[in-house]
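Take a look at the letters that make up each chain.
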Amino acid sequence: MSSDSSRRIQVPDELKEVLLQFSISYLVEQPPDLIDFAAEYFNKLQANRPVIGSTDNTADDNQSVNSQEGDAEPPAVQSTRRKSVFAEAYDPEADDDDEGATAIFPKTDEQRARLIESVKNVLLFRSLEKEQMNQVLDAMFERKVQPGDFIIRQGDDGDNFYVIESGIYKVYINDKHISTYTHTGLFGELALLYNMPRAATVQAETVGLLWAMDRQTFRRILLKSAFKKRKMYEELLNSVPMLKALQNYERMNLADALVTKTYENGERIIKQGDAADGMYFIEEGTVSVRMDQDNDEIEISQLGKGQYFGELALVTHRPRAASVYATGGVVKLAFLDTDAFERILGFLTDVLKRNILMYEQMFTEMARRNTNL
Ligand code: 1OR
Ligand code: 1OR
């Protein structure tokens, strides 16, 4: 699809991390002047830079106490206590928050069945092994909420992470309503993953039921796998021009949903005429797109890193329009299944349709050339 020359520029991880943290702080605080805010932010960052080689980041963590209601301290100021996160690329491997035993909350069969149903679609849990998944189920506890209850307040330290069983929850940033969860989804993972203050306020609109997991357990079981996955796909997702329209937070959710698949040279990835089960982003290697013609196949396009395919059938709800093969060695792809596609990229359908228009134009062009021959 489009050839984006900026793809060749390697963005260092540290730069990405610092800019991500800065952007979150900026979005959370929405200060009147970006430049003043940036100057202050980076000065503070420099002043609080930890001594090289120091690994005291978890000591801060364990001391953290939930800030009280009405705490006037803005998140960026509060966060200077967590030097490591804002000063350098966060390394969960160096995090020793995983000491000690995991809490177990006994559950009735009925509760456990409800919990399993609620976590079925939690993308963050996808890469967990069976044993880890059982630990997660044991560690979660039920929390009933009433309309108006504040589950999370922006700027607080992170205590729990929540999976929704039922209820409607509104998300606010600086008192501005930005999104709503209705009976499904999860929230509260950001503060625990990135070791930073709560990025938003979450308030219950209706009675509801949440499954909660405490910070320690979240970090012990989920941090490394979830963080690694978000990190792993970050570069890929940043290199796909179509996804520029996504907000950082949506890109993170997309990373949770992706599954890596590899194909050997010559292997077929998609067969023309098949029903679609998802789409692919190319992480490494090239693929050849071929269409059936007169009992043969002709190549209509080659795609490489940062490009995607298999979206057409998802958008049009039709069978695969072409076959796709791995070419020139091993091909590594990130696969997004239909469900996650609809949930996360559904609103990008208009962008995708622009490409589809291009396929149609090319098709008409080819048909015209063929009849003129
Ligand atoms: P948390 O631990 O920071 C608040 O606590 C939670 O609200 C947060 O984790 C997310 O789980 C959830 N940006 C940041 N946090 C969000 C957002 C969000 N939506 C839900 N949460 N944005 C909205 C994206 C549609 C981006 C706004 C710029
Ligand atoms: P899909 O889900 O139909 C095959 O599965 C994929 O090949 C398709 O999604 C596109 O992502 C990809 N026409 C149709 N599909 C194409 C084309 C294409 N190129 C890539 N795909 N044309 C080539 C445009 C450069 C038009 C050919 C006439």
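Here the structure is a predicted model, which is why all the values come from computation and not from measurement. (Residues numbered from 1 in each chain as written. Chains lettered and ligands numbered in written order. Predicted model: local features only at pLDDT ≥ 70, side-chain atom pairs only at ≥ 80, totals over all residues. Heavy atoms only, no water.)

1. What to know about the overall build of the protein
A count of helical and extended segments in the protein gives 13 helices and 14 strands. Contacts in the protein between residues at least 24 apart in sequence constitute 78% of all its contacts with a sequence separation of at least 6. Entry remark: accessible area of the protein is about 19,200 Å², with carbon and sulfur atoms responsible for 52%. (Helix = DSSP H or I, 4+ residues; strand = E, 2+ residues; numbered from the N terminus. Contact = heavy atoms within 4.5 Å. Areas by Shrake-Rupley, 256 points an atom, 1.4 Å probe, with all protein chains shown as cover.)

2. Looking at the site of ligand 2
Around ligand 2 sit 16 residues in total, of which Gly 310, Glu 311, Ala 313, Arg 320 and Ala 321 are the nearest. In this structure, Leu 312 approaches ligand 2 through a main-chain N or O atom, which is 3.4 Å from an oxygen atom. At a separation of 3.0 Å, an oxygen atom of ligand 2 approaches a polar backbone atom of Ala 313. Contact with the protein chains removes 96% of the 590 Å² of surface that ligand 2 exposes when unbound. Cavity membership is defined here by more than half of the atoms lying within 2 Å of grid points; on that basis ligand 2 lies in the second largest pocket. If you list the elements that add at least two residues to the shell around ligand 2, you get strand 11 (278-293), helix 11 (311-316) and helix 13 (349-372). (Near = heavy atom within 4 Å. Polar contact = N/O pair within 3.5 Å; in protein donor to acceptor, adjacent residues only side chain to side chain. 1 Å grid on protein atoms, 1.4 Å probe; cavity = no way out; pocket = protein on both sides within 12 Å on 5 of 7 lines; lining within 4 Å. Sits in = over half its atoms within 2 Å of the grid points.)

3. Remarks on the sheet that holds strand 7 (residues 201-204)
One key point about sheets: their strands pair by backbone hydrogen bonds, in either a parallel or an antiparallel sense. The 4 strands lie next to each other as 2-7-4-5, forming an open sheet whose pairing is antiparallel. Where the open sheet ends on each side, the last strands, each with one partner, are strand 2 (150-152) and strand 5 (176-182). Averaged over all adjacent pairs, the angle separating strand axes in this sheet is 30 degrees, with direction ignored. The pairing of strand 4 (residues 168-173) with strand 5 spans 6 bridges and is antiparallel. Paired with Val 171 across the strands is Ser 179, a residue of strand 5. (Pairing = 2+ DSSP bridges. Axes fitted to C-alpha atoms, helices over the stretch in contact; angles between N-to-C directions.)

4. Observations concerning the site of ligand 1
With respect to spatial proximity, 17 residues lie near ligand 1, and among them Gly 188, Glu 189, Ala 191, Arg 198 and Ala 199 are the closest. Within the side chain of Glu 189, a nitrogen or oxygen atom sits 2.6 Å from an oxygen atom of ligand 1. At a separation of 2.9 Å, an oxygen atom of ligand 1 approaches a polar backbone atom of Ala 191. Relative to its free-state accessible area of 590 Å², ligand 1 is covered by the protein chains to the extent of 88%. When contributions to the shell around ligand 1 are tallied by element, the ones reaching two or more residues are strand 4, strand 5 and helix 8 (189-194). Counted by class, the shell around ligand 1 contains 12 nonpolar, 3 polar and 2 charged residues. (Nonpolar A, V, L, I, M, F, W, Y, C, P; charged D, E, K, R; others polar.)

5. Quick look at helix 6 (residues 109-119)
Within the span of helix 6, buried status applies to Gln 111, Leu 115, Ser 118 and Val 119. One face of helix 6 carries all of its buried residues, which in axial projection span an arc of 85 degrees. Here the buried face of helix 6 lies against helix 7 (130-139), strand 1 (141-145), strand 3 (160-166) and strand 8 (208-214). (Buried < 20%, exposed > 50% of the residue type's maximum accessible area, 1.4 Å probe, protein only. Arc of directions from axis to C-beta.)

6. Let's talk about the sheet that holds strand 3
Read across the sheet, 4 strands follow the order 1-8-3-6 without closing on themselves; strand pairing throughout is antiparallel. At either end of the open sheet lies a strand with only one pairing partner, and these are strand 1 and strand 6 (186-187). Alignment of strand 3 against strand 6, held across 2 bridges, turns out to be antiparallel. Each bridged residue has a counterpart across the sheet, and for Tyr 162 the counterpart in strand 6 is Phe 187.

7. Section: the nonpolar core
Grouped together as the largest cluster of nonpolar side chains are 29 residues, with contacts concentrated most on Val 119, Phe 125, Met 140, Phe 161 and Val 163. Elements with a contribution of two residues or more to this core: helix 6, helix 7, strand 3, helix 8, strand 8 and helix 9 (215-238). Among the elements that take part in this core, helix 9 stands out by supplying 6 residues, more than any other. Ignoring anything within four residues of it in the chain, the contact list for Met 140 reads Phe 105, Lys 107, Leu 115, Val 119, Phe 125, Phe 161, Val 163, Trp 211, Ala 212 and Met 213. Within the second largest apolar cluster, 27 residues are counted, among which are Tyr 308, Val 315, Ala 340 and Leu 352. (Core = buried A, V, L, I, M, F, W, Y, C linked by side-chain atoms within 4.5 Å.)

8. A closer look at a nonpolar patch on the surface
Taken together, the side chains of Ile 9, Val 11, Leu 15, Leu 19 and Phe 42 make up a nonpolar region of the molecular surface, amounting to roughly 430 Å² of accessible area. In this structure, Leu 15 sits in helix 1 (residues 13-29). (Patch = residues over 30% accessible without salt bridge, like charges linked within 9 Å, V, L, I, M, F, W, Y side chains within 5 Å. Salt bridge = Lys/Arg side-chain N within 4 Å of Asp/Glu carboxyl O.)

9. Quick look at the pairing of strand 12 (residues 296-303)
Of the pairings in the sheet, the one linking strand 11 to strand 12 comprises 7 bridges and is antiparallel in character. Within strand 12, the residue paired with Val 289 across the bridge is Ser 301. Linkage of strand 11 to strand 12, two consecutive antiparallel strands, is achieved through a turn of 2 residues, within which Asp 294 is found at a positive phi near 45 degrees.

10. Section: the packing of aromatic side chains
Taken as a whole, this structure holds 12 aromatic pairs when the rule is applied. Geometrically, the ring pair formed by Phe 105 and Phe 141 is tilted, given 4.9 Å between the ring centres and 40 degrees between the ring planes. With Phe 105 in the loop between helix 5 (83-87) and helix 6 and Phe 141 in strand 1, this residue pair connects regions lying 36 residues apart in the sequence. Look at Phe 141 and you get partly exposed, because its relative accessible area is 23%. Both rings, one in Tyr 194 and one in Phe 227, keep their centres 5.6 Å apart while their planes meet at 50 degrees; by these two values the pair is tilted. On the criterion of sequence distance, the pair formed by Tyr 194 in helix 8 and Phe 227 in helix 9 is long-range, its members being 33 residues apart. (Phe/Tyr/Trp six-rings, centres within 6.5 Å; stacked < 30°, edge-to-face > 60°.)

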